[in-house]
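Coordinate inspection notes
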Amino acid sequence: MEKTRETNAQEICFMFLFVFFLCFTCDGFTYANEHEILLSIKASVDDPSSFLSNWKNSSLFCTWNGVSCNSDSTYVTGIDLSGKNLYGRISESLFKFLHVETIDLSNNQLSGGIPENVFSCSSLVHLNLSNNNLTGWIPGGSLPMLEKLDLSNNFLAGEIPTEIGSFSGLLYLDLGGNALVGQIPKSISNLTRLKDLTLASNQLEGGVPSELGYMKSLTFIYLGYNNLSGGIPKEIGGLILLNHLNLAFNNLTGEIPPSLGNLTNLNYLFLYFNKLTGPIPKTIFSLKKLVSLDVSDNFLSGEIPELVSEFQDLEVLHLFSNNFSGKIPKSLASLSHLQVLQLWSNKFSGDIPEDLGKYNNLTVLDLSTNNLTGNIPESLCYSRHLQKLILFSNSLEGGIPTSLSHCRSLERVRLQNNRLSGHLSPEFTTLPLVYFLDLSSNYLSGEINQWKWKMPKLQMLSLARNRFSGELPDSFGSIKLENLDLSENDFSGQIPPSFGKFSELMELKISENRLSGEIPKELSSCKKLVSVNFSYNHLTGEIPETLSRLPVLGNLDLSMNKLSGEIPENLGNVESLVQVNISHNHFRGKLPSTGVFLAINSTAVLGNNLCGGASVTHLPPCKEIRSYNWWFFGTALAAVTFAAMSIVVFIYIKRRKEADEEVIKRMESASDGGGEWELLFFDQKASTFLAIDDILLSLRGHKSVVATKNMQYFVHEVDLNNDPILKINEISKLRHPNIIKIISICKSEKGRFIVVHEYVEGKKLNEVMEVLGWESRVKIAIGIGKAIRYLHGCCSPAGILVGNVSPENVVVNVKDEACLRLNPPGMIFSDNTKCLVSSAYIAPETKDTKEITKSSDMYGYGLILIELLTGKTPIDAEMGLHENLVDWARYCYSDCHLDTWVDPSLKVQVLKNPNQTVEIMNLALQCTDSDPAARPCARDVLKTLESIIRWSSAFCF
């Protein structure tokens, strides 16, 4: 008995000591272990901002930056390191805390994969790893306590784990902005507490799960910018708490289900850019809380009923690019909150509602490209906030409303291609904010110089194809004017010399008028002039020699005038000039034998008294004129002078022609198996120094530069299906500061082709992108844009195509100027050019058809703009398929803050002027539109880009 008591006492003592030891070691272990975990986390990352500087071995970790503890300061409950510019990988140690509830590492530069033990913290409630550079797959696991999971805006790939359905406590799930593939798992419907679901901007396929209808707590669904197909499940109509539904930019088909009319709490409905058909269900118009409705870019049809008046909270209505018909509902005028109304590119007919704008708060109105008739209502700008009025390509009649002349908020006005008549009011020509004004192709009349023009922001003005008369005004009240088109009117008088003050002018068209007098020599001050068209007027006098001082002039049309005298010799020295038409004037004498005149078409010189020139002009040879009445010494002196001048001119012309004359040489090579090569040189000087063995030796050594005794050249071998000798002539004559000149084409008897370019000291854009600052990147973007605009618009009626607009084909010289490298036309269309067709910068439609267009060039340019802005490339392994860069950029532009997507190395510079960056991204997304027809042309893109830079620079600092 006594022994039993002794045993029991020993057992009780042992249990007491065990519990005491366990409690002591657990608390001690917890504190010591978490201290070590935090230090290991610090060791796994780079901290250039020194935010973790007080994470030291000797201090209490509960006082460390970004660390939260319980009330007794014995263990970690939260880690917040968001936006601290951290680099490196996420340590597995981060998920070994026993009591942590919140982990936030968002908005950093962390890379690598998500640790496999990420879901091992059973206490974790909030996990945010968004806006980093994380790669790999989303690990499987289960955390029933987790309420928020945000992995958005990374480069995660693979499928969404089916285990996601076991996170039964989730309220917020955001996996958007990654490269996830596969279908949305049906197990996601197990998340019955979920309120916010974002899977946008991935590469998800399959249908929208009907099982979403079981998730009755949902208030926010964003599945846009994927490849989802099939119909919109009617079950979504059962989510009565939903206030945001975004299924945009997918491949959804079928009709909009009427059940969506049950979503009475819906504020935002975005179904744009799908393939939806049929009418908008009448039930949709019962959604009285809608703030924004966008069903644009579909195949929807039918009429819009007057039931639209039920949208009393509506601010934005986008129905453009569909097949809607009938009249525009009058009840739209009753929507007092309506700010943006875009109905363009449909089949609407009838009048614009008479009271539209009277009770609205319109800022943007676009009804263009419809079949609208009647007058423009006086009420459109009653709100005094209207900024964009776009009504072009309709059949509108009457005058421009007087009320618009007092609408001082207007910035962009496009009324072209209508039947408008009447005069411009004096107030209309003094609108202070208008930067784009197009009234072309109407029946407007009157004299435009009787009012003083005061439009200080004006950059583009087109009054072409109207019935304006009288003299031209001396000024339009703007020094920012870039494009001026007054052609096909009835203007008379002289061209004002004051036009020379338009220092930003790039395009000047005043053809088909009754202008007289001489061409002002002051126009030589317009150093950015690219295109000048004075044809079909009554101009007299000579061509001012000062026109040869225009450094980027590419197109000059002086035909059908009464100009006289000789053609200035130095006009042929303008290297950028590629098109000239001087036909049907009174010019006499010898046609210059330099530059553009060497290949001028015979129709461009007809109707004059000219002689000489190249054989293609069909002009008669010039006759020698001799005089026998000179005195002997006069004759001798003239002969000596003439001889001296001839020598000088001969040497000068000879040197000028070295860059333009074609020389064909045949050379035998002992390299690479020997054989004969035919070398077509477009530079006579190069033909003297460059030998085929030098070129082959360079290529064999995997070098892209061949050096001769006197010069250096770029060389690269290409794959061609046809003979470039017959097609390269046009490209070889290109002269532009942003285009690398082709020096030679080398063709072997075995079918090999080698292209030789002039040498530009510098590196390819893809090699220097990381070290370029913001100003340099902007300069490069403008340089590439100028090159493409020149090729598309100035070189020939059809333009010249680049084919592969990519950083690989852009050389950045020592002045940070962009130089575009062109390839022969045969390379663009070769079936064997797999590297070209598979290039990440080739437009999607080109990959299917292998057809290069101006639109496909603009797609490549848009990708370069995105790369300059974000530092990310479409061929980055972390990005998945290259198309994802565009999707990712669209998502970032619409849903993310600027500092989450801009290149980290540019943040300090960019955040000083964020509007500039956002506007350039918007331009880049227009260039990469999936619809080739929707992409802007090079001229408009460059004009917009330069306007953005100038406009934002004026307000910077």
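Here, the structure is the one placed above.
Described below are features of the structure shown in this document. Quick caveat: nothing in here was measured; it's all calculated off a predicted structure.

Considerations on the overall build of the chain
Regarding its fold elements, the chain presents 16 helices and 53 strands. Within the chain, contacts between residues at least 6 apart in sequence are counted, and of these 51% link residues at least 24 apart. Looking at the chain as shown, the accessible area adds up to about 41600 Å², and 53% of this sits on carbon and sulfur atoms.

Looking at the sheet that holds strand β36 (residues 514-517)
The 6 strands are arranged β28-β30-β32-β34-β36-β38 in an open sheet whose pairing can be described as parallel. Either end of the sheet is taken by a strand with one partner, and the two such strands are β28 (421-422) and β38 (538-539). Relative to strand β30 (residues 443-447), β28 runs parallel, the two being bridged by 2 bridges. Bridged to Ser421 within β30 is Tyr443.

Examining the pairing of strand β21 (residues 323-327)
Direction of pairing for strand β19 (residues 299-303) relative to β21: parallel, over a ladder of 3 bridges. Counted as the bridge partner of Gly302 is Phe324 from β21. In this structure, β21 lies alongside strand β23 (residues 347-351), joined through 3 bridges in parallel fashion. Bridge pairing in β23 links Lys327 to Ser349.

Description of the environment of Pro279
Position of Pro279 relative to the elements: it lies in the loop between β17 (275-278) and β18 (292-294). When sequence neighbours within four positions are dropped, the list of residues in contact with Pro279 reads Glu255 and Ser301.

Here we look at the side chain of Ser331
Mapped onto the fold, Ser331 is located in the loop between β21 and β22 (340-342). Apart from residues lying up to four places away in sequence, Ser331 is in contact with Glu306, Val308 and Ser309.

Describing the sheet that holds strand β6 (residues 109-113)
Strand order in this open sheet of 4 strands is β1-β4-β6-β8, and the pairing throughout is mixed. Two strands lie at the open edges of the sheet, namely β1 (45-46) and β8 (133-135), each paired on one side alone. In this structure, strand β4 (residues 87-89) lies alongside β6, joined through 3 bridges in parallel fashion. Each residue of the ladder has a partner; that of Tyr87, found in β6, is Gln109.

Things to note about unusual backbone geometry
A negative phi angle is the norm for most residues apart from glycine, just as the trans form is the norm for most peptide bonds. Unlike most non-glycine residues, Asn153 shows phi in positive territory, near 55°. Note on placement: Asn153 falls in the loop between β9 (148-150) and β10 (172-174). Residue Asn153 is classed as buried on the basis of its relative accessible area of 8%. A positive phi angle is found at Ser345, which is not glycine, with a value near 60°. With respect to the element layout, Ser345 can be found in the loop between β22 and β23.

Comments concerning the packing of aromatic side chains
Tallied over the entire structure, the rule returns 16 aromatic pairs. Between Tyr268 and Phe270, the ring centres sit 6.1 Å apart and the planes meet at 45°, which makes this aromatic pair tilted. When its relative accessible area of 33% is taken as the criterion, Tyr268 is described as partly exposed. By relative accessible area, which is 15% here, Phe270 ends up buried. Between the aromatic rings of Phe499 and Phe502, the centroid separation amounts to 5.2 Å while the plane-to-plane angle is 40°, which identifies the pairing as tilted. The burial state of Phe499 is the same as that of Phe502; both residues are buried. Cluster of aromatic residues (ring-pair linked, three or more members): Tyr225, Phe249, Tyr268, Phe270, Tyr272 and Phe273. Positioned above the aromatic ring of Phe51, the side-chain terminus of Lys84 is 4.8 Å from the ring centre. Lys148 extends its terminal NZ or CZ atom over the ring of Tyr172, reaching a point 5.1 Å from the ring centre.

Looking at the packing of helix α11 (residues 854-870) against helix α15 (residues 914-927)
The interhelical angle for the contact between α11 and α15, taken along N-to-C directions, is 150°, at an axis separation of 7 Å. Here α11 lies roughly antiparallel to α15, going by the angle between them. Judged by the twist between their axes, the crossing of α11 over α15 is left-handed. Side by side, α11 and α15 meet where Met858, Tyr859, Tyr861, Gly862, Leu865, Ile866, Leu869 and Thr870 of the first sit next to Thr917, Ile920, Met921, Ala924, Leu925 and Cys927 of the second. Among the residues forming the contact of α11 with α15, the class breakdown is 11 nonpolar, 3 polar and no charged.

So, the state of the cysteines
Overall, the coordinates contain 3 disulfides when judged by the stated rule. Disulfide pairing is shown between Cys381 and Cys407; the S-S distance is 1.9 Å. Torsion about the S-S bond of the Cys381 and Cys407 cystine: about 70°, corresponding to right-handed handedness. On the criterion of sequence distance, the pair formed by Cys381 in the loop between β25 (371-373) and β26 (388-390) and Cys407 in the loop between β26 and β27 (412-414) is long-range, its members being 26 residues apart.

Quick notes on the pattern of salt bridges
Two side chains carrying opposite charge are able to pair once their charged atoms lie near each other. Tallied over the full model, the rule gives 12 salt bridges. A salt bridge links Glu507 to Arg939; its shortest N-O distance comes to 3.4 Å. Linking Glu507 in strand β35 (residues 507-509) with Arg939 in helix α16 (residues 938-955), this pair joins segments that are 432 residues apart in sequence. Overall, Arg939 belongs to the partly exposed group, its relative accessible area being 37%. The residue Arg588 makes a salt bridge to Glu566 at a minimum N-O spacing of 3.7 Å. Note that Arg588 is positioned in strand β42 (residues 586-590) and Glu566 in the loop between β40 (564-565) and β41 (579-581), a separation of 22 residues in sequence. Given the relative accessible area of 44%, Arg588 is considered partly exposed. On the accessibility criterion, Glu566 (45% relative accessible area) is partly exposed.

Considering α11
With 17 residues, α11 should reach 24 Å at 1.5 Å per residue; the first-to-last C-alpha distance of 25 Å fits that figure. Taking burial as the measure, the 17 residues of α11 include 15 buried ones, the bulk of the element. Downstream of α11 by a residue or two, Gly871 has a phi angle that is positive, lying close to 80°.

Considering the packing of helix α7 (residues 774-793) against α11
Here α7 crosses α11 at 175°, and the two axes come no closer than 10 Å. Classified by the angle their axes make, α7 and α11 are roughly antiparallel. Facing α7, whose interface residues are Trp774, Arg777, Ala781, Ile782, Ile784, Gly785, Ile788 and His792, α11 presents Lys854, Asp857, Met858, Tyr861, Ile864, Leu865, Glu867, Leu868 and Leu869. Taken together, the residues of the contact of α7 with α11 sort by class into 11 nonpolar, 2 polar and 4 charged.

Calculation rules
- Residues numbered from 1 in each chain as written.
- Predicted model: local features only at pLDDT ≥ 70, side-chain atom pairs only at ≥ 80, totals over all residues.
- Heavy atoms only, no water.
- Helix = DSSP H or I, 4+ residues; strand = E, 2+ residues; numbered from the N terminus.
- Contact = heavy atoms within 4.5 Å.
- Areas by Shrake-Rupley, 256 points an atom, 1.4 Å probe, with all protein chains shown as cover.
- Pairing = 2+ DSSP bridges.
- Buried < 20%, exposed > 50% of the residue type's maximum accessible area, 1.4 Å probe, protein only.
- Phe/Tyr/Trp six-rings, centres within 6.5 Å; stacked < 30°, edge-to-face > 60°.
- Lys NZ or Arg CZ within 6 Å of the ring centre and 35° of its normal.
- Axes fitted to C-alpha atoms, helices over the stretch in contact; angles between N-to-C directions.
- Parallel < 35°, antiparallel > 145°, perpendicular 65-115°, else oblique.
- Left-handed = near helix turned anticlockwise from the far one by under 90°.
- Nonpolar A, V, L, I, M, F, W, Y, C, P; charged D, E, K, R; others polar.
- Disulfide = S-S within 2.5 Å.
- Salt bridge = Lys/Arg side-chain N within 4 Å of Asp/Glu carboxyl O.
- Expected span 1.5 Å × (residues − 1).

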